[in-house]
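Each chain, written out:
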Amino acid sequence: MERFYLIVGHVSQLELLVPHGVRLVQLRIKDQPETEVRRQIARARDFCAVHGAQLVVNDYWQAALDLNCGFVHLGQEDMDNADFAALRRKGVRFGLSTHDETELERALSHGPDYVALGPVYETLLKQMKWATQGLDRVRRWKQMVADTPLVAIGGLTIDRLPGVFAAGADSAAVVTDIQQAPDPEAQTRDWIKACAA
Ligand SMILES: Cc1ncc(COP(=O)(O)OP(=O)(O)O)c(N)n1
Ligand SMILES: Cc1nc(C(=O)O)sc1CCOP(=O)(O)O
Ligand SMILES: [Mg+2]
């Protein structure tokens, strides 16, 4: 699995950052009408195809199916009404969020293409009911998921990457440390270098 996993909130950010060498990018749109969501997903799909990046559509699994996207990310609530059989029929891969062992058991029962664990560190992006997981929990998750790739998410920065990978994460997902950087394009390049090290 790609070690660097970029998450963006708008297709324009994806178009700005993917050309710097991003190979795995999630489009995580919130609070937009469905027509706008679908417009952005279609644009992101085409842009990623040209640039050799894998697009992951967050939440909108039906739109991903309709628009022939190959990968979705679902949280525990998203999973409640997701049609996993339809995703499988169309060969759409999926990653699933987990925050505790009950959620992990549920996620693994679906045979996901990756499991995400968060928030590893405190995140500024959204209110979370979960305490920070810490690196011991990343280690434990890696033992439990075995061959399923593990994505670490939440409060990640370049300085934190060596610890996260050493603890067993296969991939590091990030929003704020790139979005809020003075130069997001340079920060993306630095993340790519740090993830390759
Ligand atoms: C890689 C990755 N991990 C976790 C999440 C969070 O998904 P979810 O819990 O559904 O929350 P929202 O992102 O939808 O607010 C994610 N998007 N990506
Ligand atoms: C979207 C999301 N989901 C999380 C989870 O734990 O499931 S943490 C998170 C936010 C990640 O953003 P940042 O890199 O800005 O902390
Ligand atoms: Mg979600």
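Reading guide: rules and limits
The residue numbers shown here count from 1 along each chain, following its written sequence. The lettering of chains begins at A and the numbering of ligands begins at 1, in the order of writing. Thresholds applied to this predicted model are a pLDDT of at least 70 for local features of residues and 80 or more for the giving and counting of side-chain atom pairs; totals over whole chains, interfaces and linings are not thresholded and use all residues. UniProt positions are given in the numbering used here, feature names are shortened, and annotations may be inferred rather than shown by experiment. Working rule for contacts: place C-beta from the backbone, and if it is within 6 Å of a molecule or strand, that residue counts as near it. Ten residue types, Ala, Val, Leu, Ile, Met, Phe, Trp, Tyr, Cys and Pro, are classed as nonpolar, four, Asp, Glu, Lys and Arg, as charged, and the remainder, Gly among them, as polar. Only runs of H or I of at least four residues qualify as helices and only runs of E of at least two qualify as strands under DSSP, and these elements are numbered from the N terminus. For a helix, the expected span equals 1.5 Å multiplied by the residue count minus one. The exposure scheme places C-beta atoms from the backbone and then counts, for each residue, the other C-beta atoms within 10 Å of its own, assigning buried at 20 or more, exposed at 12 or fewer, and partly exposed in between. Think of it as the arc spanned by the lines of direction from the helix axis to the C-beta atoms. Contact between two residues is assigned whenever their backbone-derived C-beta positions fall within 7 Å. Each pair of strands is called paired provided DSSP finds at least two bridges between the two strands. Only the stretch in contact is used when a helix axis is fitted, and all axes are lines through C-alpha atoms; the angle between N-to-C directions ranges over 0 to 180 degrees. Confidence of the predictor in every single residue is expressed as pLDDT, which spans 0 to 100.

- As recorded in an unreviewed UniProt entry, the protein chain goes by the name Thiamine-phosphate synthase, listed as coming from Phaeobacter italicus.
- For the protein chain, the Cofactor (unreviewed entry) comment in UniProt is given as "Mg(2+)".
- In the Pathway (unreviewed entry) part of its UniProt record, the protein chain is described as follows: "Cofactor biosynthesis; thiamine diphosphate biosynthesis; thiamine phosphate from 4-amino-2-methyl-5-diphosphomethylpyrimidine and 4-methyl-5-(2-phosphoethyl)-thiazole: step 1/1."

### Let's talk about the site of ligand 2
At step 1: With respect to spatial proximity, 15 residues lie near ligand 2, and among them Gly 118, Thr 123, Gly 154, Val 175 and Thr 176 are the closest.
At step 2: A class-by-class count of the residues in the shell around ligand 2 yields seven nonpolar, six polar and two charged.

### Thoughts on helix α10 (residues 184–196)
At step 1: For α10, with 13 residues, the first-to-last C-alpha span of 18 Å sits near the 18 Å given by 1.5 Å per residue.
At step 2: Every buried residue belonging to α10 is among Gln 187, Thr 188 and Trp 191, and all of these are buried. Mapping the buried residues of α10 onto a view down its axis gives an arc of 105°, with all of them on the same face. Among the exposed residues of α10, those oriented more than 90 degrees off its buried face are Ala 186, Lys 193 and Ala 196.
At step 3: Those residues of α10 that are buried are in contact with β1 (4–8), α1 (11–17), β8 (171–174) and α9 (176–179).

### Let's talk about the sheet that holds strand β3 (residues 54–58)
At step 1: Within the closed barrel, the eight strands sit side by side as β1-β2-β3-β4-β5-β6-β7-β8. Their pairing is parallel. Recorded for the sheet is a direction-independent mean angle of 25° between the axes of neighbouring strands.
At step 2: As judged from the four bridges shared by strand β5 (residues 93–98) and strand β6 (residues 114–117), these two strands associate in the parallel manner. Its bridge partner being in β6, Thr 98 is matched across the sheet by Leu 117.
At step 3: Helix-sheet contacts for helix α2 (residues 34–51) involve β2 (24–27) and β3, and the interaxial angle to β3 is about 165°.
At step 4: Strand contacts of α10: β1 and β8, with the helix running at about 150° to β1, the strand carrying the most contacts.

### Focus on the UniProt feature "domain: Thiamine phosphate synthase/TenI" (unreviewed entry) in the protein chain
At step 1: According to UniProt, the "domain: Thiamine phosphate synthase/TenI" (unreviewed entry) feature falls on residues 11–178.
At step 2: In the segment residues 11–178, helix accounts for 43% and strand for 18%; the C-alpha atoms at its two ends are 15 Å apart.

### Side note on the confidence of the model for the protein chain
At step 1: The predicted model of the protein chain has a mean per-residue pLDDT of 98, with 100% of residues at 70 or higher.
At step 2: In the predicted assembly, ipTM is 0.99 and pTM is 0.98.

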